[in-house]
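# Descriptive structure summary
Listed here are the chains, written in short residue letters.
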Amino acid sequence: MTIMNLSLLQKTLNDALNYWLYGSVSADTFRHSLVEKCFLRVTPLLDCVKSFQLCGVALNIQNLQIYRGHVSSRQYAETLAVFFQAWERHIPKTNTSQTTASSGKDYASWFNEGGFKPHYLPVHMLHRILDEAGGIFFKRAIVHGSVATLEDTIGFSDMDLAFVAKTSVLKDPAALLRLRNLAREILTLTYAFDPFMHHGPYYIPEIDLAWYPEAMFPSILFGYGVDLLEQNDALEIWARDSTDVSDQMLDLFKDFFQRRASNPNPLKDSFDIEWVLGSAMLLPTLYYQRLTGAFLFKRDSFPRTEPDFSPEEWEPVRTATDVRATLGPRPRPDRTLLWASRLLRWPFLLQEWAKGHSSSAQRAREVQHKIGMDYPARVLKLLEAMQQRLTPERTESCRSSEGNVIQQEPHSLSSNLFQGLANGPFIDIPRKMVLSSYTRTADYLVNHWGKMLKPPVAIYQIGRIAAPGISDLDFILVYGDNTIQDWQQYQPESFPEWIRCRLTHAPISAPKAHGRIFLAGTPSSISGIFGAIRWHRRQCRTAMLQAYT
């Protein structure tokens, strides 16, 4: 089994689960909703069979009774359960880094800090439902994003939800059927908060935590979320490299905006507004995590990403941010419509009502005038610039391609000046680098070191970047007194080429018990970036370095 095939299998299984819990219950017409209440498309299951075959796992689905490309909901559940039973046996257990997802904020604290406001009513209703039945199906259930941080924009923000589905449920057909009924209720309340929401809740199989593609749903988001279950089970996550997932998502957005660019009327209603602007605002996060391997909350990625692009390239993100703040309130369904949607388990009733509301098309025309008809084309230019910077042969000279370092052609004066000195005392010639690239490198390293099996208790950065292209990064790593480390994994040679350009030597390591350390320089030249430790300077003065996580 190759990693690529296993990654594809994991994706197709997630797609099949997502269709079961979201795609098949969010049909956009009455006819489709009526059909998919009892019969589901067989394509997601067939895709899983093909992926299993690529991994050398033979599964028999001869008993499936397919009628016009559909199977009964019971047969879909039975087959999906068999797939997850097989996946649990074959999921990789190596090449991962272990971490524990943060618990986030409890519901009561969120409520008292501002969650009591009337427009959060769907969140309260969902909490009551999950408090009664959620623990049976989910290991963790959170609302995340701007609603969780109480920074939502009325008229634009949606109710982002994430659920970790228990392994016992995924392997049980009867439990999957009950979970699907609950998923309809969850989606109905999601649409009650934002009827124009262009995506559904994110369902994470508990099995996947053993080989977790963090690019799909970064574990950092659990720490920004609000727990909707009274139980608060610890989530042990073994994250794998998910560069392939970031690339797939960037390609999906590229296809999306290409289709929009060819459409003479890109925005038809408020649903399109949130879909187009929301997608554009997600691109900086995807770019940053693909470039650095580090994961951030969406709002935190903007200031770290913007310096990489010209004002013209960054303009679509700035426009989306500005326009989002000017949107007026969305139409809200009355209690009768909400009651009917919950009773019939047809979430699409809320969305179709909102799309047909008189204000929906009017909002779309106003936003279209503000952003311009060529907005998708401008986003495509930003995407092109991002992918150029992410392509090794087009990015900074210290990136590698097929194992070979691509050297930037030096200035003729530099060539003459350093000729014959390749073996020392100089190890390299200066090259052009942006200051923000050092921040990304530090983020990558802290994220990498913090997720090791034996992580440091604190990380400090020494000095400052006075001359980008010449300066390098210096770190002190503090470990527990009895911790034994394999120091080879800290050498620059163990990191990608774009890291080695800025980390030219291994970090300094110190046990926690050695509080008296002789450091040159002033206290201001040392900054904590992970954990906290008390140090003593040469003059025996005590300086407490306040670190931020």
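Heads up: the structure comes first, above all this text.
I will try to describe carefully the structure that is included in this document. Note that the coordinates shown come from a computational prediction; the quantities given were computed from them, not determined experimentally.

The rules we used
Per-chain numbering applies: the sequence of each chain, read as written, is numbered from 1 onward. With pLDDT at 70 or above as the cut-off, local features in this predicted model cover only qualifying residues; side-chain atom pairs require 80 or more to be listed or tallied, and sums for whole chains, interfaces and linings still use all residues. Based on all heavy atoms of the structure, the side-chain values leave hydrogens and waters out of the count. Helix and strand assignments come from DSSP, with helices taken as H or I runs of at least 4 residues and strands as E runs of at least 2, each series counted from the N terminus. Three labels apply to residues, based on accessible area from a 1.4 Å probe with only protein chains included: buried if under 20% of the type maximum, exposed if over 50%, partly exposed otherwise in between. We call two residues in contact whenever any of their non-hydrogen atoms come within 4.5 Å of each other. Using a 1.4 Å probe, accessible areas were evaluated by the Shrake-Rupley method; residue-level cover was limited to the displayed protein chains. Only one rule defines a salt bridge in this text: a Lys or Arg side-chain nitrogen within 4 Å of an Asp or Glu carboxyl oxygen. At least two bridges found by DSSP between two strands is the condition for calling them paired. Only the stretch in contact is used when fitting a helix axis, every axis being a line fitted to C-alpha atoms; angles between N-to-C directions are given from 0 to 180 degrees. Note on aromatic pairs: the rings of Phe, Tyr and Trp (six-membered ring only in Trp) are paired at centre separations within 6.5 Å, and the planes decide the class, stacked below 30 degrees, edge-to-face beyond 60, tilted for the rest. By the criterion adopted, a ring carries a charge over it if an Arg CZ or a Lys NZ lies within 6 Å of its centre and within 35 degrees of its normal. Helix span, as expected, comes to 1.5 Å for every residue beyond the first. The arc refers to the directions leading from the helix axis to the C-beta atoms. We define a polar contact as two N or O atoms separated by no more than 3.5 Å, with the added condition that, inside protein, one atom must be a possible hydrogen donor and the other a possible acceptor, whereas residues neighbouring each other in sequence contribute only through side-chain atom pairs.

A few words now on the overall build of the protein chain. Counting its regular elements, the protein chain contains 20 helices and 18 strands. The buried share of the protein chain, taken over its 549 residues, is 50%. Summarising the internal contacts of the protein chain: among those between residues at least 6 apart in sequence, 75% fall at separations of at least 24. Approximately 26,000 Å² of the protein chain is accessible, and the part contributed by carbon and sulfur atoms is 54%.

We now examine the pattern of salt bridges. Within the structure shown, the criterion is met by 19 salt bridges. Between D308 and R440 there is a salt bridge, with its nearest N and O atoms 2.7 Å apart. In this pair, D308 is assigned in the loop between α12 (298-305) and α13 (311-326) and R440 in helix α19 (residues 435-450), connecting sequence segments 132 residues apart. The pair D308 / R440 is uniform in exposure class, with both members buried. Residues D374 and R378 are paired through a salt bridge, measuring 2.6 Å at the closest nitrogen-oxygen approach. Each member of the salt-bridge network shares a partner with another, and the members are E151, R299 and D300.

As a further point, take the sheet that holds strand β9 (residues 226-227). Strand order in the open sheet formed by five strands is β4-β9-β5-β6-β7, and the pairing between neighbours is mixed. The sheet is open, and its two edges are formed by β4 (105-106) and β7 (202-205), each paired on a single side. Pairing of strand β5 (residues 138-144) with β9 involves two bridges; the strand directions are antiparallel. Residue pairing across strands places V143 opposite V226, the latter belonging to β9. Packing against the sheet, helix α6 (residues 121-137) makes contact with β5 and β6 (160-165), and its axis sits at approximately 150° to β5.

Another aspect to go through is the packing of aromatic side chains. Enumeration over the complete set of coordinates arrives at 25 aromatic pairs. Taking the centre distance of 6.2 Å and the plane angle of 70° together, the rings of F111 and F116 count as edge-to-face. Look at F111 and you get partly exposed, because its relative accessible area is 31%. On the basis of relative accessible area, F116 is assigned to the partly exposed category, the value being 49%. One aromatic cluster is present, built from ring pairs that chain together Y107, W110, F111, F116, Y120 and F193. If you follow K355 out to its NZ or CZ, it ends over the ring of F271, 4.3 Å from the centre. Over the ring of Y438 we find R502, and its NZ or CZ is 5.8 Å from the ring centre.

A few words now on helix α3 (residues 43-54). Helix length check: α3 (12 residues) gives 17 Å between terminal C-alpha atoms against 16 Å at 1.5 Å per residue, within 8%. The set of residues buried in α3 consists of P44, L45, C48, V49, S51 and F52. Projected onto a plane normal to the axis of α3, the buried residues spread over an arc of 165° and lie on a single side. Relative to its buried face, α3 has exposed residues pointing more than 90 degrees away, namely K50 and Q53.

Examined against the element boundaries, G469 turns out to sit in the loop between β13 (458-462) and β14 (474-479). Between the alpha carbons of G469 and V434 there is a distance of 7.8 Å; along the sequence they are 35 residues apart.

With respect to the helices and strands, the residue P468 is situated in the loop between β13 and β14. Sequence spacing of P468 and Y438 is 30 residues, and the spatial spacing of their C-alpha atoms is 8.1 Å.

With respect to topology, three strands assemble into an open sheet ordered β3-β10-β8, the strand pairing being mixed. Each end of this open sheet is capped by a strand with a single partner; those strands are β3 (97-101) and β8 (212-213). Relative to strand β10 (residues 235-240), β3 runs antiparallel, the two being bridged by five bridges. Looking across to β10, one finds that A101 is bridged to L235.

So, about the environment of D152. Among the secondary structure elements, D152 is positioned in the loop between β5 and β6. Taking the relative accessible area as the measure of exposure, D152 reaches 14% and is therefore buried. If near-sequence neighbours (up to four positions away) are discounted, D152 is found in contact with H119, Y120, S146, V147, S157 and F193. A polar contact of 3.0 Å, which involves the side chain of D152, links it to the side chain of H119. Reaching out from D152, the side chain makes a polar contact with the side chain of Y120 at a distance of 2.5 Å.

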